[in-house]
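# Structural description and commentary
Next come the chains, spelled out residue by residue.
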Amino acid sequence: MQPLRYSINVSLDGCCDHREGIPDEELHRRAAATLARADALIFGRITYEMMESAWRLPIPRGTMPEWTAPFAETIDAAKKYVVSTTLTTLDWNSELLRGDLADAVTRLKQQPGRGLYVGGVTLPLALAELGLIDEYEFVVYPRVIGHGPTLFSGLSRPLDLELTGREELGSGAVALTYRPR
């Protein structure tokens, strides 16, 4: 069974407002390498639409720094599954996941492969509640934001995690990897 990994950028105070991150070349290259480890990405509608509007190729010249190209190319090429009750059609190498969330994601995990990645805030909460996430990665920025969505707001029970990896980045961000105990 392939693992389902969750990766998110987050501030020191637990906020994940994508507009408040610290974008730099090292973080984008690391994110591209992280996504390249997956056979497919799983997004909710909001994350899918946000990613598509920012990273679908071709990106008009001059709207993004050149060093974002590897990330754009990686996410653009990736197979994407989208959990949505409102979308009816997709493109951008994407497919709708319909029906019971636990069943649909379990079927994906049972396919052979290197792994799946999930991003966003709402969908990962539901998947954590179902016990379907095998690895959590939090890229923690050295910044306090004070607003925006927070991780796992409304979680019904604590998630007990074991630290399995730590990487300090030049920006002062720290990538922390955990697995459920």
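Bear in mind the structure is a predicted one, so any value in this text is a computation, not a measurement.

The rules behind these values
Within each chain, residues carry numbers counting from 1 in the order of the written sequence. Per-residue local features of the predicted model are confined to residues with pLDDT of at least 70, and side-chain atom pairs are confined, for both listing and counting, to 80 or more; whole-chain, interface and lining totals are unaffected and use all residues. Side-chain metrics in this entry use all non-hydrogen atoms of the structure; hydrogen atoms and water are not considered. Pairing between strands is defined by DSSP: at least two bridges between them are needed. Secondary structure follows DSSP: runs of H or I at least 4 residues long count as helices, runs of E at least 2 residues long count as strands, and numbering of each begins at the N terminus. Lines fitted to the C-alpha atoms define the axes, with helices restricted to the stretch that makes contact. Angles between their N-to-C directions range from 0 to 180 degrees. A contact between two residues is defined here by any heavy atoms of the two lying within 4.5 Å. To count as a disulfide, a pair of cysteine sulfur atoms needs to be within 2.5 Å. We call a residue buried when its accessible area falls under 20% of the maximum for its residue type, exposed when it is over 50%, and partly exposed in between, using a 1.4 Å probe and counting protein chains only.

The next thing to look at is the sheet that holds strand 5 (residues 116-118). In spatial order, the strands read 4-3-2-5-1-6-8-7; together these eight strands make up an open sheet with mixed pairing. Here the strands that pair on one side only, and so sit at the sheet edges, are strand 4 (94-97) and strand 7 (161-168). When strand polarity is set aside, the average angle formed by the axes of neighbouring strands in this sheet is 25 degrees. Bridge count for strand 7 against strand 8 (residues 174-180) is seven bridges, and the pairing is antiparallel. Looking across to strand 8, one finds that R166 is bridged to L176. Along the sheet, helix 1 (residues 25-36) makes contact with strand 1 (4-11), strand 2 (40-44), strand 5, strand 6 (135-141), strand 7 and strand 8, crossing strand 6 at roughly 175 degrees.

Next up on the list: the state of the cysteines. One way to say it: the disulfide is the covalent bond shared by the sulfur atoms of two cysteines. In this structure the tally under the stated criterion is zero disulfides. Considering cysteine sulfurs only, C16 is the nearest to C15, which forms no disulfide, with 7.0 Å between them. Among the residues examined, C15 registers a relative accessible area of 5% and is labelled buried.

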